Structures are given as structure tokens and as C-alpha cells.
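The residues making up each chain are set out below.
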Protein chains: 2
Amino acid sequence: MSTSTPFPSDHHATLIDGKGFAADLRAKIREDVRTFHDEHGVTPGLAVILVGNDPASEVYVRNKAIQTHHAGMRSFMHMLPETTSEPELLALIERLNNDPEIHGILVQLPLPNGLDARRVTNAIRPEKDVDGLGEINAGRLAIDLPSLVPCTPLGCLMLLKDQLGDMRGQHAVVIGASNLVGKPLALLLLAEGCTVSIAHIHTRDTAALARQADILVVATGVRELVHGDWIKPGATVIDVGITRVTLENGKTKLVGDVVFDEAVKVAGRITPVPGGVGPMTIACLLKNTLTAARLLVTGKPE
Amino acid sequence: MSTSTPFPSDHHATLIDGKGFAADLRAKIREDVRTFHDEHGVTPGLAVILVGNDPASEVYVRNKAIQTHHAGMRSFMHMLPETTSEPELLALIERLNNDPEIHGILVQLPLPNGLDARRVTNAIRPEKDVDGLGEINAGRLAIDLPSLVPCTPLGCLMLLKDQLGDMRGQHAVVIGASNLVGKPLALLLLAEGCTVSIAHIHTRDTAALARQADILVVATGVRELVHGDWIKPGATVIDVGITRVTLENGKTKLVGDVVFDEAVKVAGRITPVPGGVGPMTIACLLKNTLTAARLLVTGKPE
């Protein structure tokens with residue numbers, strides 16, 4: 001047993017600047033939207049549906065709408081009362097499915113009680129399913145066909161490819177097996193040629209598995225789950241978690257699923273919270289909307 | 001470093017009798033088919049389509065047809081010439097999609113050149129896609145919804161559940177990441193609560209990963225890839241591979257992806273080749289056909 005640290009005590013991981021990357025990506029999308037309009041006479045349009053008055057959801061959809069507008073696309077918000085019935089919601093989705101001005105449709109989750117999120121999500125035409133949460137896009141991702149990929153895992157993948165390039169043969173460990181992040185990201189990393197391990201609530205020794213990771217992705221929603229000694233020296237760490245905590249002085253701050261101050265002394269590269277994965281999600285939603293518009297208009301993804 | 005073996009030199013793993021299990025399963029399905037007919041007046045029907053004259057495929061479809069018939073179901077074989085065009089094949093599938101006497105449709109792969117296997121597979125109505133290879137069933141499996149699961153991984157899972165019961169927290173390592181076996185089985189094991197690792201051609205140290213497995217599944221098609229020292233003492237080993245090799249005396253025999261004589265001295269339980277996973281595939285096809293019939297007739301899976 002050695003107590004020496006793997007790096008000099010002043011080692012500091014490279015910070016992965018998701019905020020900057022997302023800003024560049026949004027600028028690029030804005031340019032591409034203009035070019036697309038010049039070539040095809042079509043402006044991509046995104047419809048966002050919010051049912052009920054969840055305050056956090058209201059903030060999210062507002063940000064999505066504003067950034068869509070900033071990217072030069074058309075942004076349509078449908079804010080419906082909590083009393084909306086499932087047939088009413090499905091009828092709206094059907095109308096948007098058939099509306100040629102709409103290329104992307106997103107239903108903000110969670111939905112109020114009484115509305116079946118799975119049935120609602122699957123009602124979105126797969127070509128317009130820019131959240132990538134419907135059965136057909138999930139299936140196409142699972143069997144390596146082109147698909148609309150859920151935005152957060154897509155954002156993680158873009159950061160990783162930018163940092164690491166070819167990832168073939170790297171061991172990626174994903175902690176968290178959700179349909180929204182963990183599982184689609186595991187499938188994306190597998191498609192990149194990574195060896196992939198997936199850990200979750202039932203995993204017996206998550207730390208031991210994490211320590212094998214060249215690429216460690218943490219998406220559990222359990223704040224500060226991953227300590228410095230869970231990380232292989234030099235590994236790339238992607239922290240998807242984001243929890244607001246109240247400090248003793250009454251102020252609040254955002255923390256991730258990784259103990260940042262410990263991890264930064266061991267990892268090679270790491271995403272901060274905030275400013276890491278978070279800003280990538282909406283940027284990838286815009287990217288998916290442009291991809292959907294291109295597919296619907298030209299039949300080709302690029 | 002110790003050179004002692006983990007078990008006494010006369011240790012011999014328990015053999016997992018897939019042949020016996022499949023026979024029992026087929027007998028059970030035969031009973032269930034009769035009960036289903038008594039209750040609903042419907043006999044499940046499976047249509048198998050073969051295009052071209054590949055000799056191995058001819059044997060496979062013949063065996064599928066005979067076992068379907070033995071299970072008390074209706075079995076329909078459609079053997080088409082190699083010159084069949086894709087529109088002709090799609091028209092046949094469409095007719096079977098709409099035929100109320102047909103509850104399962106299977107297109108034997110591989111297809112002759114010029115026919116797009118993906119397009120053909122996706123043309124099968126998801127409710128009748130008893131091979132589970134279409135986008136919608138792949139997607140439903142990926143997001144933990146009830147689905148028709150590909151037959152070989154379903155067979156592996158049934159054997160594992162029979163041997164091990166609750167698998168939560170066990171580390172399952174799947175070697176081979178195909179759409180047909182490795183990936184769907186990884187998703188099934190994840191849904192059972194296993195920690196899951198997937199290795200493949202790009203994995204750097206497959207042996208080191210395999211040695212961590214409580215459950216080791218090998219589905220690579222590389223004969224005798226996995227040696228005894230890849231296996232953790234006491235692990236459960238599922239060998240999906242099956243390759244016919246010619247011996248020096250000119251006779252042939254079937255070997256798996258695991259060096260059986262070595263593995264049997266280390267593993268706790270192991271499937272032999274032949275007689276392990278192989279017989280489960282057709283039995284699970286029959287099971288899926290009955291499931292499809294039940295869903296189509298009653299709207300409920302059980």
C-alpha cells in the first residue's frame with residue numbers, strides 16, 4: 001500500500017468548457033440555419049409544449065424558446081393548463097405532426113398526473129422527435145441507425161469527441177442507467193468503439209468499477225457521490241448531475257454528482273458544474289431541430 | 001503469485017442443460033397453445049419467409065417450421081426464389097401483416113444481395129415481429145417497455161434466471177456487441193439489475209474484464225476465444241458461439257466461443273456446445289409467437 005498521490009499535489013485537471021463549446025455550437029447552428037434557409041427557403045421551426053405550471057419546467061421551456069429564436073429558427077410555445085386531457089394533448093401533437101412549418105416537437109416532462117408520458121412521447125412523429133425519447137429513435141440508436149439522439153447524452157458525446165478524438169478501445173464507465181441519459185450514452189459510446197460498463201443503484205462496488213474508467217460519466221442525481229479516489233489518474237470525467245444546495249449562510253449553489261475539489265486533483269479532464277454538460281443540452285436541442293428540418297426537407301441528414 | 005488452482009483439480013462445473021430446458025419449454029408452450037385455443041378459438045400461426053437457396057438457411061427454416069407444427073401452432077413456409085425483388089418481398093410481408101391467421105412473421109437472414117435486410121425487417125408489423133429485430137421492438141427493449149425480444153438473448157436470459165434467480169447486483173460481462181445477441185442481452189441483463197459491461201473487437205484487455213464477471217456471456221463467433229484463466233472461479237458461463245470444425249480424422253464437431261475443457265474446471269455453471277444455448281433459440285421463437293398471438297387477440301401479454 002502506498003500513500004503517495006498519483007500526481008504532484010498541485011495537479012489540476014483541464015476543465016472542459018461546456019459553456020464555451022455550447023456557445024460556439026449555437027453560433028455555428030445559427031450560421032447553418034441561415035445557409036439552410038438560403039438553399040431551401042425553409043426556416044426550421046421548433047414547437048415546445050408545456051402542460052401545467054411547474055416553475056422549473058416554465059424556466060426550462062422559456063430558455064429553450066429564447067435560444068431557438070436566437071439561433072434564427074422559429075420558436076412556438078404551447079402552454080396548456082394542468083386540466084388538459086390526454087386526447088386534447090394528443091390532438092395538438094397530431095396537428096403539429098402534420099404542420100409543415102414545424103420540424104421539431106418537444107413535450108416538457110414531467111407531465112401532470114393523468115397524462116401518460118410514454119404514450120404522449122410516442123405520439124410525436126419520429127422525424128420530429130427532437131428529444132429522441134420515442135420508441136423508434138431509441139430503437140434506431142440501439143441498432144446503430146441514424147436517429148435523433150436525446151440531447152444530454154448527445155452533448156456529453158460531443159464534448160468527449162472534441163476532447164479525445166478517436167475513443168476506440170477506451171473503457172467508458174457510465175454511472176446511472178436512465179432512459180434519458182445513462183442508457184443512450186452507453187449505446188453512443190459503444191458505437192464509438194468504447195468498452196462500456198454501466199453501473200447503477202444495484203451495483204455492488206461502483207468505486208472499483210469507476211477506477212477502471214478511462215472515461216467516467218456520472219448521471220445519477222446523487223450529489224457528490226463520486227470522490228477523488230473513485231477516479232483513475234488522468235481519466236476524463238463528465239459530470240451530468242446538477243443539484244442546488246443551500247449553504248449555511250443561506251445562499252445556494254449548484255453541485256454535481258462528483259466531488260469536484262477532489263476529482264480535479266486526479267482527473268485528466270473534467271466538466272465543471274455549472275458550465276459543463278448543462279449548457280450543451282439546449283445547444284443539442286437546436287442541433288437536433290436543424291437535423292430534423294434537413295431530413296424532412298431534403299431527406300438527407302447533412 | 002500463487003500457482004494453486006482455485007478449485008480441487010477434479011472440480012467440474014454444473015452443466016446447464018439447454019436442450020432439456022428447451023424441450024420442457026416447448027412442451028409447456030404446446031399446452032398453452034391448446035389452452036389459448038380453447039379460450040379464444042384461435043390457433044397461433046407463424047409465417048417463415050426464406051429467399052434464395054442458402055443450404056444452412058434451408059435447414060434452419062425447416063426446423064423452425066417443424067417445431068412450430070409440433071407445438072400445435074399453424075406453420076406457414078414461404079420459400080421464394082433468389083430473383084425475388086424487394087417490392088415483391090415487401091408486398092408479401094404486407095399481406096401477412098394484414099392476415100388475421102398469422103401472428104408471427106420471420107424473414108430468415110441473411111437475404112440475397114439486392115435486398116435491404118433493415119428495410120425488410122422494419123416492414124414487419126411490430127406486433128408480429130417475433131424475431132424482435134425491428135426498430136420498434138429494439139426501442140421498447142432499450143427503454144424497458146414490454147417487447148418481442150430477439151430469440152437467442154431471450155433464451156440466454158431464461159437459462160440464467162432459471163439457474164440464478166434474482167441477478168440484481170451481479171456483474172455480467174457480455175463479449176460481443178451485435179444487434180442480434182450482445183446488445184439486446186446487455187439491455188435485458190441491465191433490466192434485471194445486473195451491472196453490465198460490454199466488450200468487443202476494440203476492447204483492450206477482454207480477459208481482465210471477463211475475470212470480473214459473475215455472469216460471463218460470450219457471443220463473438222470466434223471459436224475457443226475464452227480460456228479457463230479468463231473465468232472467475234464459480235462464475236456462470238453462457239457460450240452462445242457455435243462453429244463446426246473439421247478434425248484430423250476428417251470428422252466434424254461443433255465448438256463454442258469458450259474452451260470448454262478448461263472452462264469447466266473453473267466455472268460454477270456452464271452451457272455446453274452443442275446442447276446449451278442453441279436449442280433455446282427456436283423454443284423462444286415459439287414462445288414469442290404465442291406471446292404475439294395473445295397480444296393480438298386479447299391485447300394483454302399474459
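Given the structure is predicted, the values throughout are model-derived calculations rather than measurements. (Residues numbered from 1 in each chain as written. Chains lettered and ligands numbered in written order. Predicted model: local features only at pLDDT ≥ 70, side-chain atom pairs only at ≥ 80, totals over all residues. Heavy atoms only, no water.)

(A) Geometry of the relation of the copies chain B and chain A. Superposition of chain B onto chain A requires a rotation of 180 degrees combined with a translation of 0.0 Å along the rotation axis, giving an RMSD of 0.0 Å. Considering both components of the superposition, the chain copies are consistent with a two-fold axis. If distances are taken from each C-alpha of chain B to the rotation axis, the shortest is found for G139 of chain B, at 1.6 Å. Both copies contact each other with a shared surface, as 100% of the interface residues of chain B are interface residues in chain A too. (Least-squares fit on C-alpha atoms with pLDDT ≥ 70 in both. Contact = heavy atoms within 4.5 Å.)

(B) Structural detail: the pairing of strand β2 (residues 45–51) of chain B. All names here are of chain B. Burial within β2 is extensive, with seven of its seven residues counted as buried. Sheet analysis places β2 next to strand β3 (residues 74–80), joined by seven bridges and oriented parallel. Bridge pairing in β3 links V48 to M77. Handedness of the β-α-β unit built from β2, helix α2 (residues 55–70) and β3 comes out right-handed. Pairing geometry for β2 and strand β4 (residues 104–107), over four bridges, is parallel. Looking at the pairing, A47 lines up with I105 of β4. (Buried < 20%, exposed > 50% of the residue type's maximum accessible area, 1.4 Å probe, protein only. Helix = DSSP H or I, 4+ residues; strand = E, 2+ residues; numbered from the N terminus. Pairing = 2+ DSSP bridges. Right-handed = clockwise from strand over helix to strand, strands pointing away.)

(C) The sheet that holds strand β8 (residues 236–239) of chain B, seen in detail. Ordered in space as β1(A)-β11(A)-β8(A)-β7(A)-β5(A)-β6(A)-β6(B)-β5(B)-β7(B)-β8(B)-β11(B)-β1(B), the 12 strands form an open sheet in which the pairing is mixed. Lying at the two open borders of the sheet, with one neighbouring strand each, are β1 (14–15) of chain A together with β1 (14–15) of chain B. Judged from the five bridges that link them, strand β5 (residues 171–175) of chain A and strand β6 (residues 195–199) of chain A form a sheet pairing that is parallel. Within β6 of chain A, the position partnered with V173 of chain A by the bridge is S197 of chain A. The sheet strands contacting helix α6 (residues 151–164) of chain A are β7 (215–218), β8 (236–239) and β11 (269–270) of chain A, and the helix crosses β8 of chain A at an angle near 160 degrees. (Axes fitted to C-alpha atoms, helices over the stretch in contact; angles between N-to-C directions.)

(D) Representation of the interface of chain B and chain A within the structure. Contacts between the two partners involve 34 residues from chain B and, on the opposite side, 34 residues from chain A. With both chains or domains summed, chain B and chain A bury close to 2800 Å², and 59% of this area falls on carbon and sulfur atoms. Applying the counting criterion to the chain B and chain A interface returns four salt bridges. Here D144 of chain B makes a salt bridge to K183 of chain A, at a shortest N to O gap of 3.1 Å. On inspection of chain B and its partner chain A, the count reaches 18 residue pairs in polar contact (both at pLDDT 80 or more). The element that contributes the greatest number of residues to the side of chain B that touches chain A is helix α5 (residues 135–142) of chain B, accounting for six residues. Residue composition of the side of chain B that touches chain A, by class: 14 nonpolar, 12 polar and eight charged. In the sheet, β6 of chain A pairs with strand β6 (residues 195–199) of chain B via three bridges, with the strands oriented antiparallel. (Buried area = accessible area lost by both parts, 1.4 Å probe. Salt bridge = Lys/Arg side-chain N within 4 Å of Asp/Glu carboxyl O. Polar contact = N/O pair within 3.5 Å; in protein donor to acceptor, adjacent residues only side chain to side chain. Nonpolar A, V, L, I, M, F, W, Y, C, P; charged D, E, K, R; others polar.)

(E) Main features of the side chain of E86 of chain A. Residue and element names in this part refer to chain A. Summarising the element assignment, E86 is placed in helix α3 (residues 86–97). Classification of E86 as buried rests on a relative accessible area of 11%. Polar contacts involving the side chain of E86 include one to the main-chain amide nitrogen of D116, which spans 2.8 Å. With sequence-adjacent residues up to four places away left out, E86 is seen in contact with G114, L115, D116, R119 and V120.

(F) Highlighting the environment of Q67 of chain A. Residue and element names in this part refer to chain A. In this structure, Q67 sits in helix α2 (residues 55–70). The class for Q67 is partly exposed, based on a relative accessible area of 22%. In this structure Q67 touches R26, I282 and L286, once residues within four positions along its chain are discounted.

(G) Region of the structure containing a negative patch on the surface. Among the surface-exposed residues, E224, D229, D261 and E262 of chain A lie close enough to one another that they form a single negatively charged patch. Along the chain, D261 of chain A falls in helix α9 (residues 260–263). (Patch = residues over 30% accessible without salt bridge, like charges linked within 9 Å, V, L, I, M, F, W, Y side chains within 5 Å. Areas by Shrake-Rupley, 256 points an atom, 1.4 Å probe, with all protein chains shown as cover. Lys, Arg positive; Asp, Glu negative; His and termini not counted. Charge placed at Lys NZ, Arg CZ, Asp CG, Glu CD.)

(H) Representation of helix α1 (residues 18–40) of chain A within the structure. Residues and elements named next belong to chain A. For α1, spanning 23 residues, the distance from its first C-alpha to its last is 31 Å, which sits close to the expected 33 Å at 1.5 Å a residue. Listing the buried residues of α1 in full gives G18, A22, L25, I29, D32, V33 and F36. At its buried positions, α1 is contacted by α6 and α10 (278–298). Of the residues one or two after α1, G41 is the one with positive phi, at around 65 degrees. (Expected span 1.5 Å × (residues − 1).)

(I) Representation of α2 of chain A. Residue and element names in this part refer to chain A. Helix length check: α2 (16 residues) gives 23 Å between terminal C-alpha atoms against 22 Å at 1.5 Å per residue, within 8%. For α2, the set of buried residues is S57, V61, K64, A65 and T68. Seen end-on, α2 carries its buried residues on one side only, within an arc spanning 95 degrees. Those residues of α2 that are exposed and aimed more than 90 degrees away from the buried face are P55 and H70. (Arc of directions from axis to C-beta.)

(J) Main features of the packing of helix α1 (residues 18–40) of chain B against helix α10 (residues 278–298) of chain B. Residue and element names in this part refer to chain B. Running from N to C, α1 and α10 cross one another at 20 degrees; their axes reach a closest spacing of 9 Å. As judged from the angle between their axes, α1 and α10 are roughly parallel. Relative to α10, the crossing made by α1 is left-handed. Where α1 approaches α10, its residues G18, K19, F21, A22, L25, R26, I29, D32, V33, F36 and H40 are matched on the opposing element by P279, M280, A283, L286, K287, L290, A293, R294, V297 and T298. Split into classes, the residues belonging to the contact of α1 with α10 amount to 13 nonpolar, three polar and five charged. (Parallel < 35°, antiparallel > 145°, perpendicular 65-115°, else oblique. Left-handed = near helix turned anticlockwise from the far one by under 90°.)

(K) Layout of the UniProt feature "domain: Tetrahydrofolate dehydrogenase/cyclohydrolase catalytic" (unreviewed entry) in chain A. UniProt annotation of "domain: Tetrahydrofolate dehydrogenase/cyclohydrolase catalytic" (unreviewed entry) refers to residues 16–131 of chain A when read in the numbering used here. The annotated region residues 16–131 of chain A carries 50% helix and 16% strand content, and the separation between its end C-alpha atoms amounts to 24 Å. (UniProt positions renumbered as here; feature names shortened; annotations may be inferred.)

(L) Seen up close, the environment of P153 of chain A. Residues and elements named next belong to chain A. Tracing the backbone through its elements, the reader meets P153 in helix α6. The exposure class assigned to P153 is buried, which follows from its relative accessible area of 0%. Taking the C-alpha atoms as reference points, P153 and K287, separated by 134 residues in sequence, lie 13 Å from one another. Every residue in contact with P153, bar those within four places of it in the chain, is listed here: L180, V181, P184, L185 and L188.

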